[in-house]
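Tertiary structure, described
This is what each chain is made of:
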Amino acid sequence: MVKAFPRHRYTPAPMPYEPKLIEEKWQRAWSDAKVAEVDVAAPGDKFYMLNMFPYPSGDLHVGHGRNYILGDALYRYFRMQGRAALNPMGWDAFGLPAENAAIKRGIHPRQWTLSNIEREKKQFLRWGILYDWSKELASCEPEYYRWNQWLFLQLYRRGLAYRAKAPVNWCPSDQTVLANEQVIDGRCERCSTIVVQRDLEQWFLKITDYADRLDEGLDTLEHWPEKVKLMQRNWIGRSVGADVEFAVPSLSKSIRIFTTRPDTIYGATFMVLAPEHPDVAALIADNADRDEIETWIAGVRNQSNLERQEAGKEGRFTGATATNPFTNEQIPIWLGNFVLMQYGTGAIMAVPGHDQRDFEFAQQYGLPVRVVVKPANGEVPSAEESYSVKDDSAVAVDSGVISGMLIPKAIERIIEEIERLGIGRKMVRYRLRDWLISRQRYWGTPIPMIYCERDGIVPVPEEELPVELPLDVPFTGREGNPLAKDERFVNTKCPVCGGAAKRETDTMDTFVDSSWYYARFISANDSTKIFDPSLVNRWLPVDQYIGGIEHAILHLLYARFICRTLHDMGLTNYEEPFTRLFNQGMITKEGFRTASGNWVSPSEVENGVHKPTGTPVVSEIGKMSKSRYNVVPPDELIDRYGADTERVYTLFIAPPEKEAAWSDEGVVGASRFLNRVWHMGEQILALPAGGGSESAALIRKTHQTIDAVTRRFDRFEFNTAISGLMELSNAIGDALSAGADARESYAALLKLLHPFAPHITEELWTMFGNEGFILTSSWPQADTALMIEDVVTIVVQVNGKLRGQVEVPNPPEKDVVLAAIRANQKVQQWISGKEVVKEVYVPGKLVNIVVKG
RNA sequence: GCGAAAGUGGCGGAAUUGGUAGACGCGCAGGUCUCAGAAGCCUGUGGUCAUUAGACCAUGGGGGUUCGAUUCCCCCCUUUCGCACCA
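Model, not experiment: these values are computed from the prediction. (Residues numbered from 1 in each chain as written. Chains lettered and ligands numbered in written order. Predicted model: local features only at pLDDT ≥ 70, side-chain atom pairs only at ≥ 80, totals over all residues. Heavy atoms only, no water.)

1. Notes on the overall build of chain A
A count of helices and strands for chain A gives 27 helices and 35 strands. Principal-axis analysis of the C-alpha atoms gives chain A an extent of 105 × 85 × 65 Å. Burial status across chain A gives 53% buried among its 853 residues. Partitioning the intrachain contacts of chain A with sequence separation of at least 6 by distance along the chain shows that 72% fall at a separation of at least 24. Of the roughly 37,900 Å² of accessible surface on chain A, 50% is carried by carbon and sulfur atoms. Of the side-chain charges in chain A, 96 are positive and 112 negative, and the distance between the mean point of each set is 2 Å. (Helix = DSSP H or I, 4+ residues; strand = E, 2+ residues; numbered from the N terminus. Buried < 20%, exposed > 50% of the residue type's maximum accessible area, 1.4 Å probe, protein only. Contact = heavy atoms within 4.5 Å. Areas by Shrake-Rupley, 256 points an atom, 1.4 Å probe, with all protein chains shown as cover. Lys, Arg positive; Asp, Glu negative; His and termini not counted. Charge placed at Lys NZ, Arg CZ, Asp CG, Glu CD.)

In structure tokens form, the structure reads like this:
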């Protein structure tokens, strides 16, 4: 169909397209008209869309822009579709970088944060992004964080917030503890420092109470990426098994273990406890090597998790034994560095025959291996490794009542037996741990708790909220939280007895702030309550949530948890906060580094050589960062080409969920496209009034484009939506060159282009004498009748190879098609003299003639 | 090690349910305009062979199903990401 149009030959009109002039004008116009402000109480077909609110670091580059630009394009599309679309924005404004800036440069965290917010807000405006700023919030303001504190008190009241001493992750560089989710490969998520274990008393939120609901809820999230759901599922780590008590004669008590393979209990030849297990002291009390064992335990406990793993498997024999409840044998109780106190019961029954870890440990210490599972087909498993198959292809052997049973059946049966004997029960356990929310840092929400010598831990009464963060504290950078040194903050009165008491000086993990902010937007200015449940129930859950994959577990898991607690408090009527989730891919850019690994500025590189030093460099595509000298700042780009060009290029570059490499040359294509659209507008304005009529071909192309672009919007296929608009604009250009009219098609083009290039389309729309904003006009409707081609091309294949094409009137009739093929010389050459075995006719598409000989 | 996703021109990428592989754009080449350049415009642009007509090859590699495979199935290779002693 494209072939019908020769390339555009129109002459550009003289008036230049100057984005600078029109972009500021329309940004002001939208803002003055408050076009994006939504009255949440007003009726309408609601659509709540949300970009994850950013941490205001101050510098946004074109990579960040992708997230917001695609959100804005969607927002404008839904507006034009007539939806009551809400698109709010706020700031995840607490956090370490602000505090570090204070230490390094003497700027107060609040001032640093607020000035960054100002800069980023300007950047959003310059990108032409529309947010409902009347609902803006910043988590560092008391108006926001008081509700964090309120929420914490509700959780405390319900037993979901508790203080406990536990081995926790400590980042020596950031001088604070971290949640499990913030430790990546044994290192701090923020600064990559190796995390060490410390025993500290800390505040936890009981997310594990919700493990099953968080796991099951994933099944209801049809519009979430499978990848994210899988990551959450793995993180929650549900496993089904059994708890079993093993009697320890020397202690006259029993030790409980957890296993997912109770069917292998006849093969349990020893037991292993975590070095931290509470019964260890009693078990080794009479051991002659007690001192050595204790030294070893202390050593293991001092290791980071990373070091522990790198050390390989190590253990010590306690000297005590336990009774295997099924074989009644005495089996040795060992300590092992590979058994984790935080999972299960901190104790395992070791079945070296059928668990690789137990096998390795047994080999190392010469412990017996017993085979109790065999392949159902009778082959003897290798002695080199454990045989851990647990499906119907394996069978239990030498295992009392379950001998001969297929494994899934054997597991079921042995659990019945365990329960009948009263030594244990079926058990579901999770890898997920409780959420550690204490942080020994200043720039966060103070935890609203008071310690009284007489009354113990006392919550701050709700009417005394917020517990405000004092602003005039010294930032020295030395160990310890500045809050803890502020006497005026720390010293307070006990709400119960009125006596002297001390405040909690830890602040909350900033992921608490972001776990419910999406609901606060609905009541952002309500100073009397966390939010208005009736309004929140109308607007939530968020219909479309957009953000980076880096939050697949952290933020999204915490938000799903807190969402359920709000539900259970009776405040809301939904369990999942985000109906649809979209993760945009990262924008990358080429950078250059020398053989020694130093990054150099691209401006100093020529033909693969770093000019100042003469060193050869290699190109590497990666994340934009200052240290790689590959950051593209939007301001220069906008000054040169305009925000509309950046927007079009950003969405055209690749499918939005994929990683994409930014190309400075590629931007030019988007700029040319908008220039052509601009000049076409001028040409159409110069057409005589009344004018001619548009060709059927152009009308067809227009309606086909409306249809395609609409479908592509619904599927987030922005790159092909834009290429479709380029095709339409090419067709319009050709029509104009041929002296034909194209007014109607052009008007449709402007509307379809608006979500991508909002400024230029508003300007042209006005130039054509339209009143109001193109944004508030309606999305064009495709007329399917006008989309139908009057001639269709039928592809002719011979033995599956393309040998010709015939054109027939639409709709095509089989007889007509076959007649056309018989009249086609080229095709006939390929079949003449051969026997036609078969003719495959795909209506309206192709004919494949199968010949022989 | 386990799990997931992906692999198409020089580059980014396109291809409803299996039905013309390479849309759209970048880059490149030639042309036009210009004193010259930039910008714009026009034409061409997967590879090999051929003067042309055209033929053959080609969607990471190998097999299979099918009239027909980028698309479905099996094996292998590569890359990226997630998890990693969770009993």
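Next comes the rest of the write-up.
2. Thoughts on the packing of aromatic side chains
Evaluated as defined, the whole model comprises 47 aromatic pairs. Ring geometry for Tyr 77 against Phe 78: centres 5.4 Å apart, planes inclined by 55°, an arrangement best described as tilted. One exposure class covers both Tyr 77 and Phe 78, and it is buried. Three or more aromatic residues joined by ring pairs make a cluster, and in this case those are Phe 47, Tyr 77, Phe 78, Phe 582, Phe 713, Phe 716, Phe 718, Phe 756 and Trp 779. Stacked on the ring of Trp 30, the Lys or Arg Arg 76 has its end atom at 4.3 Å from the ring centre. Taking NZ or CZ as reference, Arg 429 lies 5.3 Å from the ring centre of Phe 258, over its face. (Phe/Tyr/Trp six-rings, centres within 6.5 Å; stacked < 30°, edge-to-face > 60°. Lys NZ or Arg CZ within 6 Å of the ring centre and 35° of its normal.)

3. So, unusual backbone geometry
For the bond from Leu 465 to Pro 466, the omega torsion is 0°, close enough to zero to count as cis. Mapped onto the elements, Pro 466 comes out in the loop between strand 20 (456-459) and helix 13 (487-490). For the bond from Leu 540 to Pro 541, the omega torsion is -5°, close enough to zero to count as cis. You can see Pro 541 is positioned in the loop between helix 16 (533-539) and strand 24 (542-548).

4. Side note on the confidence of the model for chain A
Of the residues in chain A, 97% have a pLDDT of 70 or more, and the chain-wide mean is 90. Note on residues 1-13: pLDDT is under 50 here. Beyond four places in sequence and across chains, it has 25 contacts. (pLDDT = per-residue confidence, 0-100.)

5. As for the nonpolar core
If you look at the biggest cluster of nonpolar residues, it comprises 175 residues, and the most contacted ones within it are Tyr 48, Phe 124, Phe 152, Trp 435, Tyr 518 and Phe 756. With near-sequence residues (within four places) excluded, Tyr 518 lies in contact with Tyr 48, Leu 50, Leu 540, Val 542, Ala 559, Cys 563, Pro 577 and Phe 578. Formed by 42 residues, the second largest nonpolar core is a distinct cluster that contains Ile 265, Ile 293, Trp 296 and Val 373. (Core = buried A, V, L, I, M, F, W, Y, C linked by side-chain atoms within 4.5 Å.)

6. What about the sheet that holds strand 24?
On the basis of which strands lie adjacent, the open sheet formed by four strands has the order 2-1-24-25 and parallel pairing. Lying at the two open borders of the sheet, with one neighbouring strand each, are strand 2 (84-86) and strand 25 (578-584). On average, each strand axis in the sheet is inclined to that of its neighbour by 20°, with strand direction left out of account. Pairing between strand 24 and strand 25: six bridges, direction parallel. When the bridges of strand 25 are listed, Tyr 545 appears paired with Leu 581. The strands touched by helix 17 (residues 554-568) within the sheet are strand 24 and strand 25, with strand 25 carrying the most contacts at an inclination of about 175°. (Pairing = 2+ DSSP bridges. Axes fitted to C-alpha atoms, helices over the stretch in contact; angles between N-to-C directions.)

7. Focus: the sheet that holds strand 32 (residues 791-798)
Strand order in the open sheet formed by four strands is 33-32-35-34, and the pairing between neighbours is mixed. Across the chains shown, the open sheet's two edge strands, defined by having one partner strand only, are strand 33 (801-809) and strand 34 (835-842). Pairwise comparison of adjacent strand axes, ignoring direction, gives a mean angle of 20° for this sheet. Where strand 32 meets strand 33, eight bridges bridge the pair, whose relative direction is antiparallel. Each residue of the ladder has a partner; that of Val 796, found in strand 33, is Gly 804. Relative to strand 33, helix 26 (residues 814-822) is tilted by about 125°, and along the sheet it contacts strand 32, strand 33, strand 34 and strand 35 (846-852).

8. Describing the pairing of strand 25
The buried count for strand 25 comes to five of seven residues, which makes it a mostly enclosed element. Crossover connection from strand 24 via helix 17 to parallel strand 25: handedness right-handed. (Right-handed = clockwise from strand over helix to strand, strands pointing away.)

9. Observations concerning helix 3 (residues 96-105)
When helix 3 is considered as a whole, its buried residues turn out to be Leu 96, Ala 98, Glu 99, Ala 101 and Ala 102. Tucked into the core, helix 3 has its buried residues touching helix 4 (109-126). Just downstream of helix 3, Gly 106 is the residue with a positive phi angle, here 70°.

10. A closer look at the environment of Ile 414
Positionally, Ile 414 belongs in helix 12 (residues 407-420). Taking the C-alpha atoms as reference points, Ile 414 and Asp 263, separated by 151 residues in sequence, lie 6.0 Å from one another. Leave out the neighbours within four places in its chain, and Ile 414 touches Pro 262, Asp 263, Ile 265, Tyr 266, Phe 326 and Ile 402.

11. Describing the packing of helix 21 (residues 696-714) against helix 22 (residues 718-737)
Contact geometry of helix 21 with helix 22 gives a least axis separation of 9 Å together with a crossing angle of 165°. Considering the angle they form, helix 21 stands roughly antiparallel to helix 22. Crossing handedness for the pair helix 21 and helix 22: left-handed. Across the interface between the two elements, Leu 698, Lys 701, Thr 702, Thr 705, Val 709, Arg 712 and Phe 713 from helix 21 touch Phe 718, Thr 720, Ala 721, Gly 724, Leu 725, Glu 727, Leu 728, Ala 731, Ile 732 and Ala 735 from helix 22. (Parallel < 35°, antiparallel > 145°, perpendicular 65-115°, else oblique. Left-handed = near helix turned anticlockwise from the far one by under 90°.)

12. Things to note about the environment of Ile 117
Relative to the assigned elements, Ile 117 resides in helix 4. A relative accessible area of 7% means that Ile 117 is categorised as buried. When the C-alpha atoms of Ile 117 and Ala 782 are compared, they prove to be 42 Å apart, with 665 residues separating the residues in sequence. Beyond its immediate chain neighbours, meaning those up to four positions away, Ile 117 contacts Pro 56, Trp 91, Ala 93, Glu 136 and Ala 138.

13. Brief notes about the environment of Val 272
One can find Val 272 in strand 10 (residues 270-273). For Val 272, a relative accessible area of 0% gives the class buried. Residues Val 272 and Lys 20, spaced 252 residues apart in sequence, show a C-alpha to C-alpha distance of 71 Å. With residues near it in sequence (within four places) discarded, Val 272 still touches Trp 334, Leu 335, Gly 336, Phe 338, Val 339, Gly 346, Ala 347, Ile 348, Ala 350 and Phe 361.

14. Re the side chain of Arg 564
Examined against the element boundaries, Arg 564 turns out to sit in helix 17. A distance of 3.4 Å separates a polar side-chain atom of Arg 564 from the backbone oxygen of Arg 213. Within the structure, the side chain of Arg 564 is placed 2.6 Å from the side chain of Glu 576, a separation counted as a polar contact. (Polar contact = N/O pair within 3.5 Å; in protein donor to acceptor, adjacent residues only side chain to side chain.)

15. Examining the pairing of strand 20
Sheet analysis places strand 19 (residues 449-452) next to strand 20, joined by four bridges and oriented antiparallel. Residue pairing in the sheet places Cys 452 in a bridge with Gly 456 of strand 20. Here strand 19 folds back onto strand 20, and the loop between the two strands holds three residues.

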